[in-house]
Amino acid sequence: MPGRYERLVNSWLTVAAILFLAFAFAVCLLDDYPIYVDGLFSMATAGYFDQAAGIDGVLDRLMVKSQQHVPGYFLLLHVWGKLVNWSPLALKLLSVFFGIISLALMYRLGWRLIGREAGILAAAMLASLSFYNIWYLPIRMYTMFVAAALLLLWLYFRALRSRRATRAVLAPLCLVCVLFVYTHIFSLALLCALGAYHVFFVAKTRKWFLISGAFLVAGLAFLPWLRILIEGAAYAAGRAEQAISALSALDLLWAITSLGINASHLFLLPFALAAARALKRDRTAIALWVILLATMAFYVIVNHELAVIDVPRTRYAVIVFPLMILLMVKGIEALPLRKPLLIVILIFWLASALLFQRRVGAGQFVRSYNTLPIHLVERHLGEDFLEGDLLTGWSDGLNLYFESVVYSGVADFYFAKHGIEVAIEHTYELGKSDDDAIATMLRGKLEGRERVWLVYELDKPERYETLWQDALHSQFERCRRDDDIQNVSIVFYQRSSCA
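Residues numbered from 1 in each chain as written. Predicted model: local features only at pLDDT ≥ 70, side-chain atom pairs only at ≥ 80, totals over all residues. Heavy atoms only, no water.

Digging into the sheet that holds strand β2 (residues 421–426)
The 5 strands lie next to each other as β2-β1-β3-β5-β4, forming an open sheet whose pairing is mixed. Each edge of the open sheet carries a strand with a single partner, namely β2 and β4 (477–482). Strand-to-strand, the axes of this sheet are offset by a mean angle of 20°, without reference to chain direction. Here strand β3 (residues 451–457) runs beside strand β5 (residues 488–494); their pairing, made up of 7 bridges, is antiparallel. In the strand pairing of β5, glutamate 457 is matched with valine 488. (Pairing = 2+ DSSP bridges. Helix = DSSP H or I, 4+ residues; strand = E, 2+ residues; numbered from the N terminus. Axes fitted to C-alpha atoms, helices over the stretch in contact; angles between N-to-C directions.)

Structure representation (structure tokens):
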């Protein structure tokens, strides 16, 4: 009879538990963070502000105003909004669902390439990869990007290792390849890597030519958007401020590697073990190494030419991380006494994820994760605002006033309907000024105001709290203070008596 460990590995409940826990954690955090400018761009492009427009409107907005994007995610978000709901929470759920789908596909791909036990370990490691967890909540395409990449890899290896390349095998591969290229511009990284592996490491049988034909059809299907993408690349390459902060080749490679191992050097060891397996001509290890290295080479070359990837934009390389995890799992498979070690390895992996969150934090990559929960402030005070009120304070993450050709800023999205002025300062800009300059700026904002709402996070520098309160106390009476939102203080001031 199989032991408890074997029953655990072979039970579908184990994978279901991983998926359920990931979904539960994401849903619990769904309303913790406001929409940031990239999420507003997604909403605007998909039709949030013009819900009467159809699919043509989505394509027109991309072709005219954002040629560096491909339309797959935005079209799907448009359909999702029409069918489900246009509320920001409902739109966030699309990313959550793709995140869960990607975990299921990670399990399936790990099982196909290495084994069922490896599939479970790979899914668990992807579910607890800190950098990937970040992208479950923004209204962006990155979980969809990973899910599409994993589905493509699974279908490719299924076709490659099947006895016959039938229509039932090739048609899904071709279709998913087409969908993948329309998911993100950097889908080309994985496609070129797969092409390199297919050309140089796969026997040239009849099946090889049929699979090559499926890729060729996908390439032809992308031609209509290629001209628009070239215009977008020219725009991206022309942004001087972006080129200054772009990562060098070595910095980019190290940034991707660190993010893919939860910033724990301990997990470089499984890569060495996987490399040893490749040297022993393990075909799975060879395939994974070739595809990973070719994908990373694509990112390095493109970034060298266009200078588009800085630290926050390492998200463009998110499809690399499943390949890294699969190689780590392949290396772990080579360890002696693997079964007892798996629990220890997972504990270290989870500990690395928690340390990553403490040391790095998601706010480095998504600024709405490191700022005032401005959406909760609006919801809490919405009925108390009067036209002409001033909402002021400071934050070190969210740019409330960034304006796009597609939409106005975050402040307008949340507060325009109240008829108030929002003047929340960014701590980066405040840090450039001395106390006298900040005090002068505040006096100017307060001039002519009758009612002022001061909003700030309790763990931010006391210097700003002192400056704001000194300016307010000299002209206003403090009427009320709310601390109902976690770590956020809201203080209401009125020029006349509170009575």
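Focus: the side chain of histidine 69
Following the sequence through the fold, histidine 69 ends up in the loop between α4 (55–65) and α5 (72–83). A residue is classified by how much of its surface remains accessible, and histidine 69, at 16% relative accessible area, is buried. Only 2.6 Å separates the side chain of histidine 69 from the side chain of serine 66, close enough to count as a polar contact. Sequence-distant contacts of histidine 69, defined by excluding residues within four places in its chain, comprise Phe41, Leu62, Phe74, Arg140, Met141, Trp225 and Leu229. (Buried < 20%, exposed > 50% of the residue type's maximum accessible area, 1.4 Å probe, protein only. Polar contact = N/O pair within 3.5 Å; in protein donor to acceptor, adjacent residues only side chain to side chain. Contact = heavy atoms within 4.5 Å.)

Some points on the state of the cysteines
Following the criterion strictly, the structure yields 1 disulfide and no others. With a sulfur-sulfur separation of 1.8 Å, cysteine 479 is cross-linked through a disulfide to cysteine 498. Judged by the sign of its S-S torsion, about -80°, the cystine formed by cysteine 479 and cysteine 498 is left-handed. Of this pair, cysteine 479 sits in strand β4 while cysteine 498 sits in the segment after β5; the two residues are 19 residues apart in sequence, bridging distant segments of the chain. With a relative accessible area of 27%, cysteine 479 lands in the partly exposed category. (Disulfide = S-S within 2.5 Å.)

Regarding the pattern of salt bridges
It is possible for side chains of opposite charge to pair when their charged atoms get near one another. Applying the stated criterion to the full structure yields 16 salt bridges. Close ionic contact of glutamate 421 with arginine 449 constitutes a salt bridge, the shortest N to O distance being 1.9 Å. Of this pair, glutamate 421 sits in strand β2 while arginine 449 sits in the loop between α22 (435–446) and β3, and the two are 28 residues apart along the sequence. Residue aspartate 483 is joined to arginine 481 by a salt bridge in which the shortest nitrogen-to-oxygen separation is 3.2 Å. The exposure class assigned to arginine 481 is partly exposed, which follows from its relative accessible area of 33%. Put simply, Arg277, Asp282, Lys330 and Glu333 are held in one network by salt bridges that share partners. (Salt bridge = Lys/Arg side-chain N within 4 Å of Asp/Glu carboxyl O.)

Some points on the nonpolar core
Of all hydrophobic cores here, the largest spans 166 residues; its most connected members are Tyr156, Phe157 and Tyr299. If we skip the residues at most four places from it in the chain, tyrosine 156 touches Leu173, Leu194, Tyr197, His198, Val202, Ile211 and Phe215. Counting residues in hydrophobic clusters, the runner-up holds 18 residues, among them Leu442, Tyr456, Leu472 and Tyr493. (Core = buried A, V, L, I, M, F, W, Y, C linked by side-chain atoms within 4.5 Å.)

Here we look at the pairing of β3
Regular strands place their side chains on alternate faces of the sheet. Most of β3 sits inside the fold, with 7 of its 7 residues counted as buried. On β3, burial covers both faces: Arg451, Trp453, Val455 and Glu457 on one face and Val452, Leu454 and Tyr456 on the other are all buried. Bridging between strand β1 (residues 390–395) and β3 involves 4 bridges; their strand directions are parallel. Note that in β3 the partner of threonine 392 across the bridge is leucine 454.

Section: the packing of helix α3 (residues 37–46) against α5
Where α3 meets α5, the closest approach of the two axes is 8 Å, and the angle between their N-to-C directions is 70°. It follows that α3 is roughly perpendicular to α5 by the angle criterion. Considering how the two elements wind past one another, α3 and α5 form a crossing that is right-handed. Of the residues in α5, those in contact with Phe41, Ser42, Met43, Thr45 and Ala46 of α3 are Tyr73, Phe74, Leu77 and His78. Along the lines of polarity and charge, the residues of the contact of α3 with α5 split into 6 nonpolar, 3 polar and no charged. (Parallel < 35°, antiparallel > 145°, perpendicular 65-115°, else oblique. Left-handed = near helix turned anticlockwise from the far one by under 90°. Nonpolar A, V, L, I, M, F, W, Y, C, P; charged D, E, K, R; others polar.)

This is a description of form; function is not addressed.
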